[in-house]
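Report on the structure
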Amino acid sequence: MASDKFLTKALTHFVLLIGVIISIFPFYWLVVMATNTTSDILRFPPKLTFGHELFTNVKNVLASIDFYQAFFNTLFVSTVTVIGVLFFCSLAGFTFAKFRFPGKNMLFTALLLTMMIPSQMSFVPSFLLIAEFGWVDSYKALIIPGLASAFGIFWIRQFCQDAVPDELLEAGRLDGCNTFRLYWNVALPSLRPALTFLGIFTFIGVWNDYLWPLVTINSPSRYTLQVMLAQLNGVYDTDYAIIMTGTLMATLPLIILFIIFSKQFMKGVAEGAVKE
Amino acid sequence: MLRQHKPSLWAEIWKKRTLYLFISPFFLLFAVFGVFPIFYSLYLSFHSWSGLGDKTFVGLSQFQYLLGDAEFWQAVGNTFAIWFLSSIPMLFFALVIAFLLNLPSLKGRSTYQTMFFITNVTSIVAVAIIFETIFSNQYGLMNYLLSLIGITPLEWLNSGFLVKVVIASMVVWRFVGYNAIIYLAGLQNIPKTLYEAAIIDGANKTQIFFRITIPLLRPIILFTVIMTTIGSMQIFTEPQILLGNSGGVGGAGMTMTLYMYNEGFLNNQFGYASAVSWAMFIIIALFSLINWKLVQKA
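Please read all numbers here as calculations on a predicted model, not as lab measurements. (Residues numbered from 1 in each chain as written. Chains lettered and ligands numbered in written order. Predicted model: local features only at pLDDT ≥ 70, side-chain atom pairs only at ≥ 80, totals over all residues. Heavy atoms only, no water.)

Comments concerning the overall build of chain B
- In terms of helices and strands, chain B carries 13 helices and two strands.
- For chain B, the C-alpha radius of gyration of 25 Å lies well beyond 19 Å, the compact-globule estimate for 298 residues.
- Its C-alpha atoms give chain B principal-axis dimensions of roughly 80 × 65 × 35 Å.
- Relative to its 298 residues, chain B shows a buried fraction of 52%.
- Taking contacts inside chain B between residues at least 6 apart in sequence as the whole, the part at least 24 apart equals 64%. (Helix = DSSP H or I, 4+ residues; strand = E, 2+ residues; numbered from the N terminus. Rg over C-alpha atoms; globule rule 2.2 N^0.38 Å. Buried < 20%, exposed > 50% of the residue type's maximum accessible area, 1.4 Å probe, protein only. Contact = heavy atoms within 4.5 Å.)

The following block contains the structure:
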């Protein structure tokens, strides 16, 4: 019996470890390529171990593209979007969770229905609208359309119903808080776990977005990291060391961020799915 | 007689104006970037327009053209092939991983979860660039591995079928962990008392699996199937980075969204691109509905 249990355990870990290796291997391979020369990468059999060329490669990346600018653009757009999403979604989510007003159910149903509209439907006209506003090539095109999301409002509302007790709001009201103060001083502190998840979720999404910046941004000084990577891949298609080092430099910050927040994030993903 | 004064609807709305102000940002943004574009794209789909000059009303002719457009139908076929090649292995592996992660005595569960999920955090552009080197035609890593077991190198990116396998493998790699975490959450939500009751009633492991676990997991499976379907129907970045705007040799990697992008933003056929997006919407909606019905029945 005891050895039977041990065998099951060992087999479980064995299968899971194979899965983990397949998950992690492309990252390992990316680092291998980023630390070697292009000729080492193109060898057959390929070199499977780390090299010593990382700093040369990084220098080459920085010389061939404006990495810092693209990094700044991405960071700026992601951060501003996250701040907007957290503010607008928590305010609206709180309102939907805790107040009554005419048309509330209808408005909330409309909000849920919007989540079912596929994004490509509005793709061409949204771009034309951005062009009409004169926002092509500007941060506005990347930030404004994403400032509030139906998912975010839905998410905060679900959480708010349990996390912010009505008695607490009543007490706040007796102390003379107006509605905004109730939101800011009473509800917001209790919403922190939900806001953390929504913030990371939004940050990752904006950081990795590709198609929208690809069509709305034309000048290299406004490229986000993803568009820059695609350009790098197209222009330097024989210089793998440069492409791979650039890819590593664009990917690493987000991976580190994710690992730092992974616990809160995984909890959020799981909760969201079960609540549907 | 004292008449009960009932405030009018407008007075009530005016009294609660701050609440409407609080929810207004989303509805304003959605009106501008959600509702308006959808109707505008319907309007555009009846017009021929290059983005400059006047729009010409052409009625249904763009939809008629679409029905006979071999390239579009190839893109539809490719998209479905990629969906088929990716969704089945993805959901299967995700279920296996979730069951293993749910074993009560397992140690290191949260580390495993993070390791499996990390693929989903990576940008598709980066993934496509990395997979491009793994599956490159001559000197790729995959061909090296195959050569070790005596298989001659395959031209991954030149074969209409293998190109789809490569794209599907990227999708599987990116989303297995995500779906596994969702299944795991579903499994952990099944009340322990149900299992205990089944054991008392003398049910064996197989019976418990098929009579309790799978039925109770069904809503979650339905959710992942629908999400996977909608996601697969919109695949764009993987083929565009891997094969370029042409969709590779013979257009074998041309997907519906890539085709719409080409028509709209490379050929400046905004009217036709809008017609394509409406056709895509109808296809996705119908297909999601079929999926929904099938999974509910199963």
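What follows picks up the thread again.
Observations concerning the overall build of chain A
- Along the backbone of chain A there are 14 helices and zero strands.
- The order of helices and strands in chain A, counted from the N terminus, is α-α-α-α-α-α-α-α-α-α-α-α-α-α.
- Counting only C-alpha atoms and orienting by the principal axes, one finds that chain A spans roughly 75 × 70 × 35 Å.
- Expressed as a percentage of its 276 residues, the buried residues of chain A come to 51%.
- Of the contacts formed within chain A by residues at least 6 apart in sequence, a portion of 74% connects residues at least 24 apart.
- A total of about 13100 Å² of accessible surface is found on chain A, and carbon and sulfur atoms cover 66% of it.
- With 17 positive and 16 negative side-chain charges, chain A shows a spacing of 8 Å between the two charge centroids. (Areas by Shrake-Rupley, 256 points an atom, 1.4 Å probe, with all protein chains shown as cover. Lys, Arg positive; Asp, Glu negative; His and termini not counted. Charge placed at Lys NZ, Arg CZ, Asp CG, Glu CD.)

A few points about the interface of chain A and chain B
- On the chain B side, the residues contacting the 87 residues of chain A number 84 residues.
- Overall, the association of chain A and chain B removes approximately 7400 Å² of surface from exposure, summing both partners, and the carbon and sulfur fraction of that is 82%.
- Where chain A touches chain B, the interface holds zero salt bridges.
- Linking chain A with chain B are ten residue pairs in polar contact (both at pLDDT 80 or more).
- Partitioning the side of chain A that touches chain B into residue classes produces 65 nonpolar, 18 polar and four charged. (Buried area = accessible area lost by both parts, 1.4 Å probe. Salt bridge = Lys/Arg side-chain N within 4 Å of Asp/Glu carboxyl O. Polar contact = N/O pair within 3.5 Å; in protein donor to acceptor, adjacent residues only side chain to side chain. Nonpolar A, V, L, I, M, F, W, Y, C, P; charged D, E, K, R; others polar.)

Description of the packing of aromatic side chains
- Per the counting criterion, the structure on display carries 62 aromatic pairs over all chains.
- Both rings, one in Phe-180 of chain A and one in Trp-184 of chain A, keep their centres 6.1 Å apart while their planes meet at 15 degrees; by these two values the pair is stacked. Residue Phe-180 of chain A and its partner Trp-184 of chain A are both found in helix H10 (residues 179-190); the two are separated by four residues, about one turn of the helix.
- In this structure Trp-184 of chain A comes out as partly exposed when scored by relative accessible area, which is 45%.
- A network of ring pairs unites the aromatic residues Phe-123, Phe-127, Tyr-210 and Trp-212 of chain A together with Trp-49, Phe-236, Tyr-261, Phe-265 and Phe-270 of chain B as a single cluster.
- A cation over a ring is seen here: Arg-157 of chain A above Phe-108 of chain A, with NZ or CZ 4.2 Å from the ring centre.
- The cationic tip of Arg-222 of chain A hangs over the ring face of Tyr-139 of chain A; the distance from NZ or CZ to the ring centre is 4.4 Å. (Phe/Tyr/Trp six-rings, centres within 6.5 Å; stacked < 30°, edge-to-face > 60°. Lys NZ or Arg CZ within 6 Å of the ring centre and 35° of its normal.)

Quick look at the packing of helix H6 (residues 123-133) of chain A against helix H2 (residues 17-45) of chain B
- Remark: H6 of chain A packs on H2 of chain B, axes separated minimally by 8 Å, with the N-to-C direction vectors making an angle of 110 degrees. Classified by the interaxial angle, the pair formed by H6 of chain A and H2 of chain B is roughly perpendicular. For the pair H6 of chain A and H2 of chain B, the contacting residues are Val-124, Pro-125, Ser-126, Leu-128, Leu-129, Ile-130 and Phe-133 of chain A in the first and Val-32, Phe-33, Phe-36, Pro-37, Tyr-40, Ser-41 and Leu-44 of chain B in the second.
- For the contact of H6 of chain A with H2 of chain B, a count of residues per class yields twelve nonpolar, two polar and no charged. (Axes fitted to C-alpha atoms, helices over the stretch in contact; angles between N-to-C directions. Parallel < 35°, antiparallel > 145°, perpendicular 65-115°, else oblique.)

Regarding the side chain of Thr-35 of chain A
All names here are of chain A.
- Within the secondary structure, Thr-35 sits in the loop between helix H1 (2-34) and helix H2 (38-41).
- Given the relative accessible area of 7%, Thr-35 is considered buried.
- In terms of polar contacts, Thr-35 uses its side chain to reach the backbone carbonyl oxygen of Val-31, at 3.0 Å.
- Beyond its immediate sequence surroundings of up to four residues, Thr-35 is in contact with Phe-50, Gly-51, His-52, Glu-53, Leu-54 and Asn-57.

Quick notes on the layout of surface pockets
- Quantified by volume, the second largest pocket comes out at close to 1200 Å³.
- What lines the second largest pocket is a set of 30 residues, among which Phe-99, Asn-102, Leu-103, Pro-104 and Lys-205 of chain B lie closest to the centre.
- Looking at the lining of the second largest pocket, the elements with two or more residues in it are H1 of chain A together with helix H4 (70-101), helix H8 (160-188), helix H9 (192-200) and helix H10 (205-233) of chain B.
- When residues in the lining of the second largest pocket are grouped by element, the largest group, six residues, is from H1 of chain A.
- Each residue belonging to the lining of the second largest pocket can be placed in one class, and the counts come to 14 nonpolar, nine polar and seven charged. (1 Å grid on protein atoms, 1.4 Å probe; cavity = no way out; pocket = protein on both sides within 12 Å on 5 of 7 lines; lining within 4 Å. Points joined across faces, edges and corners; volume = space filled by probe spheres on them.)

Focus: unusual backbone geometry
- Of note, the phi angle at Asp-137 of chain A is positive, near 75 degrees, even though the residue is not glycine.
- One can find Asp-137 of chain A in the loop between H6 and helix H7 (139-143).
- The phi angle at Asn-268 of chain B is positive, at roughly 55 degrees, despite the residue not being glycine.
- Within the element layout of this structure, Asn-268 of chain B appears in the loop between helix H12 (256-266) and helix H13 (270-297).
- By relative accessible area, Asn-268 of chain B is classed as partly exposed at 35%.

Digging into the pattern of salt bridges
Residue and element names in this part refer to chain A.
- By the definition in use, this model includes four salt bridges over all chains.
- Across the salt bridge formed by Asp-166 and Lys-98, the nearest N and O atoms sit 3.2 Å from each other. You can see Asp-166 sitting in helix H9 (residues 166-174) and its partner Lys-98 sitting in helix H4 (residues 67-98), a full 68 residues away along the chain.
- Asp-166 sits in the partly exposed class, given a relative accessible area of 47%.
- Its salt-bridge partner being Glu-170, residue Arg-173 comes within 3.2 Å of it at the nearest N-O pair. Of this pair, Arg-173 and Glu-170 both sit in helix H9, three residues apart, which is roughly one turn of that helix.
- On the basis of relative accessibility, which here comes to 39%, the residue Arg-173 falls in the partly exposed class.
- The exposure class of Glu-170 is partly exposed, given its relative accessible area of 40%.

Some thoughts on helix H8 (residues 150-163) of chain A
Residue and element names in this part refer to chain A.
- Under the 1.5 Å per step criterion, the end-to-end length of H8 is 20 Å for 14 residues, consistent within 8% with the ideal 20 Å.
- Of all 14 residues in H8, ten are buried; the element is thus mostly enclosed.
- Residues Ala-150, Gly-152, Ile-153, Phe-154, Trp-155, Ile-156, Arg-157, Gln-158, Phe-159 and Cys-160 constitute the buried set of H8. (Expected span 1.5 Å × (residues − 1).)

A closer look at the environment of Met-256 of chain B
Residues and elements named next belong to chain B.
- Relative to the helices and strands, Met-256 resides in helix H12.
- Classification of Met-256 by relative accessible area gives buried; the value is 0%.
- Along the chain, Met-256 and Glu-71 lie 185 residues apart, while their C-alpha atoms are 9.6 Å from each other.
- Excluding its chain neighbours within four sequence positions, the residues that come into contact with Met-256 are Ala-75, Val-76, Thr-79, Met-233, Met-280 and Ile-283.

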